[in-house]
Amino acid sequence: MDKGFQEYLDQFVEFTSQYNKEIYYGNQGRDDIQAPVEPEIGRFLAFIVRMTGARKVLELGTGVGNSTIWLAEAVKETGGNVTTVDNHPRTWKEATANIEKSGLGEYVTMTHSDADEAVRKLREQNLQFDIIFQDCAKYIYTVIYEDVAALVRKGGIIVADDTMFPVCANVRENLGRHMDRYNRQMFADRRFFSTMLPIGHGMTLSWKR
Ligand SMILES: C[S@@+](CC[C@H](N)C(=O)[O-])C[C@H]1O[C@@H](n2cnc3c(N)ncnc32)[C@H](O)[C@@H]1O
């Protein structure tokens, strides 16, 4: 993103609590975890949950709980719950502690599992979600595509992060290729109406008809 554009945006996109601020800045520069979503993405997630009144939210890729806290603060207002999934033992432990510390634990269902197994189990239970936020391994977006498509309710939204990786200079080519495949599959899928936003590393939004 253009530097001036980002600086201008940063003036307005504030954190909504000490918890999402602490968790974002406290984990910057770590090379033992995958990057937490940028504040503009967190705020967008919080916005879309509030705007749509979403109560059932599924997150794939908890990390240390940064985006989970943005989502949990929003579902606290809508009367909902976030189910969040991560397969990494250490980050999952850190996320559990961070969410506990934030006092938002009652709005979050933590699931320590591979995303593909988790979505399969959720489908077996015939569950449906208002919003599904995808931010786990990039190769898996297309692997779990049909499960995620089934898990979002009609009128619900799939929010996929990092979908502009194909044109991000500092991103490995294979990650970009996975995201390109996802975007092409999603935009061609008539069950959904999709658009892409160039915030963070890009976001694809898909509304289920
Ligand atoms: C980019 S980080 C998530 C960041 C998080 N959304 C945030 O804002 O803090 C991706 C996470 O996905 C998890 N992950 C990667 N592949 C996964 C898989 N197949 N199943 C479940 N979790 C996975 C990783 O352990 C990592 O914590």
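Residues numbered from 1 in each chain as written. Predicted model: local features only at pLDDT ≥ 70, side-chain atom pairs only at ≥ 80, totals over all residues. Heavy atoms only, no water.

Enquirer: Describe the environment of V75, naming the residues involved and giving the relevant values.
Expert: Along the chain, V75 falls in helix 4 (residues 66-78). Separated by 92 residues in the primary sequence, V75 and V167 have C-alpha atoms spaced 33 Å apart. Not counting residues up to four positions away in its chain, the partners in contact with V75 are V49, A54, R55, V57, G80, N81, V82 and Y107. (Helix = DSSP H or I, 4+ residues; strand = E, 2+ residues; numbered from the N terminus. Contact = heavy atoms within 4.5 Å.)

Enquirer: Lay out the packing of helix 2 (residues 18-26) against helix 4 with the relevant residues and their values.
Expert: Following both chains from N to C, one finds helix 2 and helix 4 inclined at 170 degrees, their axes separated by 9 Å at the closest point. In terms of axis orientation, helix 2 runs roughly antiparallel to helix 4. Residues Y19, N20, I23 and Y24 of helix 2 form the contact with helix 4, whose own contacting residues are N66, I69, W70 and E73. Its residues placed into classes, the contact of helix 2 with helix 4 shows five nonpolar, two polar and one charged. (Axes fitted to C-alpha atoms, helices over the stretch in contact; angles between N-to-C directions. Parallel < 35°, antiparallel > 145°, perpendicular 65-115°, else oblique. Nonpolar A, V, L, I, M, F, W, Y, C, P; charged D, E, K, R; others polar.)

Enquirer: Describe the pattern of salt bridges, naming the residues involved and giving the relevant values.
Expert: Per the stated rule, a full pass over the model turns up 16 salt bridges. Salt-bridge contacts for K101 lead to E22; the nearest nitrogen and oxygen are separated by 3.5 Å. Within this pair, whereas K101 is found in helix 5 (residues 89-102), its partner E22 is found in helix 2, the two being separated by 79 residues in sequence. Across the salt bridge formed by E94 and R30, the nearest N and O atoms sit 2.7 Å from each other. With E94 in helix 5 and R30 in the loop between helix 2 and helix 3 (39-52), the pair connects residues that are 64 residues apart, well separated along the chain. With a relative accessible area of 22%, E94 lands in the partly exposed category. Ionic contacts of the salt-bridge type, sharing partners, join the residues R30, D32, R90 and E94 into one network. (Salt bridge = Lys/Arg side-chain N within 4 Å of Asp/Glu carboxyl O. Buried < 20%, exposed > 50% of the residue type's maximum accessible area, 1.4 Å probe, protein only.)

Enquirer: With reference to specific residues and values, describe the pairing of strand 2 (residues 81-86).
Expert: Of all six residues in strand 2, five are buried; the element is thus mostly enclosed. With five bridges connecting them, strand 1 (residues 56-60) and strand 2 associate as parallel partners. Pairing of E59 across the sheet is with T84, part of strand 2. On the question of chirality, the crossover connecting strand 1 to the parallel strand 2 by way of helix 4 is right-handed. With five bridges joining them, strand 2 and strand 3 (residues 108-112) adopt parallel strand pairing. Residue pairing across strands places D86 opposite H112, the latter belonging to strand 3. Between strand 2 and its parallel partner strand 3, the chain crosses via helix 5, and the hand of that crossover is right-handed. (Pairing = 2+ DSSP bridges. Right-handed = clockwise from strand over helix to strand, strands pointing away.)

Enquirer: Describe in detail the site of the ligand, supporting the description with residues and values.
Expert: Inspection of the region around the ligand gives 20 residues, with V37, S67, D86, A115 and D135 positioned closest. For the ligand, an oxygen atom lies 2.9 Å from a polar atom in the backbone of V37. Between the ligand and the protein, one listed contact pairs an oxygen atom with a backbone N or O atom of G63 at 3.5 Å. When isolated, the ligand has an accessible area of 600 Å², and the protein chains bury 94% of it. Grouping the amino acids of the shell around the ligand by side-chain chemistry returns seven nonpolar, 10 polar and three charged. (Near = heavy atom within 4 Å. Polar contact = N/O pair within 3.5 Å; in protein donor to acceptor, adjacent residues only side chain to side chain. Areas by Shrake-Rupley, 256 points an atom, 1.4 Å probe, with all protein chains shown as cover.)

So far we have only geometry, and geometry alone does not tell us how the molecule works.
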